[in-house]
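The chain contents come next:
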Amino acid sequence: MTTKTQSLLKPLKRIEQGLDAIIQPLVFAGMAALIGVITLQIISRVMFSAVGWTEEVARFLLVWITFFAGTLAFQRGRHIAVTFAVDALPVRLRQAARIAGTLAVLAFMVALVVIGYRYMQVQSFQKSASLRLSMTYVYSVIPLCAAVMSWYAFVDLLELLIDGERREESVP
């Protein structure tokens, strides 16, 4: 990779690292909160009367953790992929196939941002059963994580166009 290429991708990679530095502790805190809420739910059902809001909070936490952890997995290239057909292609076709695949992912994520935002607005009148929380907050994770994954796909596309290959980052 040339110095000019490195200078172009370096700020983009820093943004990725910054997003990762926010999302990773968020997922960890969400998991810790989920464990705490479920433990409270079990203890309250066994020893006292059930705490009503714990089931709802656990459900919302699980949804948010799933989306954010999926975003981390996407950034690290950890989602399931069948690559034997692409890997068997000649270098130029392999690069074209990877660019086409990344473009498809980028288009899907941008569409998910738009559709998720619309869905979030449509459900804005709805309140959760026990917490009376606006469902806008619950559904906001869809466009938020899709936007972050769009960014990751955009950076991957630039890497493919500039270098011909996506560089795999070491997982911290």
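Remember, predicted model here, so these are calculated numbers, not experimental data.

1. A short note on the packing of helix α2 (residues 53–75) against helix α6 (residues 141–163)
Describing two packed helices takes the angle between their axes plus the distance from one axis to the other.
No. 1: At a closest axis distance of 10 Å, the pairing of α2 and α6 adopts a crossing angle of 5°. Relative to α6, the element α2 lies roughly parallel. The residues of α6 that touch α2, namely those facing V63, W64, F67, F68, G70, T71, F74 and Q75, are V141, I142, L144, C145, V148, M149, Y152 and A153.
No. 2: Per-class residue counts for the contact of α2 with α6 are 13 nonpolar, 3 polar and no charged.

2. Examining the environment of F154
No. 1: With respect to the helices, strands and loops of the structure, F154 is situated in helix α6.
No. 2: Judged by its relative accessible area of 35%, F154 is partly exposed.
No. 3: Considered as a pair, F154 and R78 are 76 residues apart in the sequence and their alpha carbons are 17 Å apart.

3. Points about the side chain of E16
No. 1: Position of E16 among the secondary structure elements: in helix α1 (residues 3–47).
No. 2: The exposure class assigned to E16 is buried, which follows from its relative accessible area of 3%.
No. 3: Within polar-contact distance, the side chain of E16 engages the side chain of K13 at 3.1 Å.
No. 4: Look past the residues within four positions of E16 in its chain and what remains in contact with it is Q75, W151, Y152, V155 and D156.

4. As for the side chain of K13
No. 1: Its location among the elements puts K13 in helix α1.
No. 2: Among the residues examined, K13 registers a relative accessible area of 10% and is labelled buried.
No. 3: A polar side-chain atom of K13 sits 3.1 Å from a polar atom in the side chain of E159.

5. Some thoughts on the confidence of the model for the chain
No. 1: On average, the chain scores 89 in pLDDT, and the residues at 70 or more come to 91%.
No. 2: By mean pLDDT, the top-scoring element of the chain is α2 (95), and the lowest-scoring one is helix α3 (residues 84–87) (86).

6. Structural notes on the pattern of salt bridges
No. 1: Throughout the structure, instances matching the rule amount to 5 salt bridges.
No. 2: Its salt-bridge partner being K13, residue E159 comes within 3.1 Å of it at the nearest N-O pair. Here K13 lies in helix α1 and E159 lies in helix α6, a separation of 146 residues in the sequence. Across the pair, exposure class does not vary: E159 and K13 are buried alike.
No. 3: Residues D87 and R98 are paired through a salt bridge, measuring 2.9 Å at the closest nitrogen-oxygen approach. Of this pair, D87 sits in helix α3 while R98 sits in helix α4 (residues 91–122), placing them 11 residues apart in sequence.
No. 4: Within the structure, one salt-bridge network assembled from shared partners comprises K13, E16 and E159.

7. A look at the packing of α4 against α6
No. 1: The geometry of α4 relative to α6 is characterised by a closest axis approach of 8 Å and an angle of 160° between their N-to-C directions. Comparing their axes, α6 and α4 come out roughly antiparallel. In the crossing of α4 with α6, the sense of the turn from one axis to the other is left-handed.
No. 2: When the residues that make up the contact of α4 with α6 are grouped by side-chain class, the tally is 20 nonpolar, 4 polar and 2 charged.

8. Examining the packing of aromatic side chains
Given two aromatic rings, their pairing is described by the distance between the two centres and the angle made by the two planes.
No. 1: Throughout the structure, instances matching the rule amount to 3 aromatic pairs.
No. 2: Relative to F68, the ring of W64 lies with its centre 5.5 Å away and its plane at 35°, an arrangement referred to as tilted. Taken together, the residues W64 and F68, both in helix α2 and 4 residues apart, mark about one turn of the helix.
No. 3: Summarising the aromatic geometry, the rings of Y119 and Y139 are spaced 4.9 Å apart at their centres and angled 75° between planes, so their arrangement reads as edge-to-face. Of this pair, Y119 sits in helix α4 while Y139 sits in helix α5 (residues 135–139); the two residues are 20 residues apart in sequence, bridging distant segments of the chain.

Reading the values: the criteria
- Residues numbered from 1 in each chain as written.
- Predicted model: local features only at pLDDT ≥ 70, side-chain atom pairs only at ≥ 80, totals over all residues.
- Heavy atoms only, no water.
- Axes fitted to C-alpha atoms, helices over the stretch in contact; angles between N-to-C directions.
- Helix = DSSP H or I, 4+ residues; strand = E, 2+ residues; numbered from the N terminus.
- Parallel < 35°, antiparallel > 145°, perpendicular 65-115°, else oblique.
- Contact = heavy atoms within 4.5 Å.
- Nonpolar A, V, L, I, M, F, W, Y, C, P; charged D, E, K, R; others polar.
- Buried < 20%, exposed > 50% of the residue type's maximum accessible area, 1.4 Å probe, protein only.
- Polar contact = N/O pair within 3.5 Å; in protein donor to acceptor, adjacent residues only side chain to side chain.
- pLDDT = per-residue confidence, 0-100.
- Salt bridge = Lys/Arg side-chain N within 4 Å of Asp/Glu carboxyl O.
- Left-handed = near helix turned anticlockwise from the far one by under 90°.
- Phe/Tyr/Trp six-rings, centres within 6.5 Å; stacked < 30°, edge-to-face > 60°.

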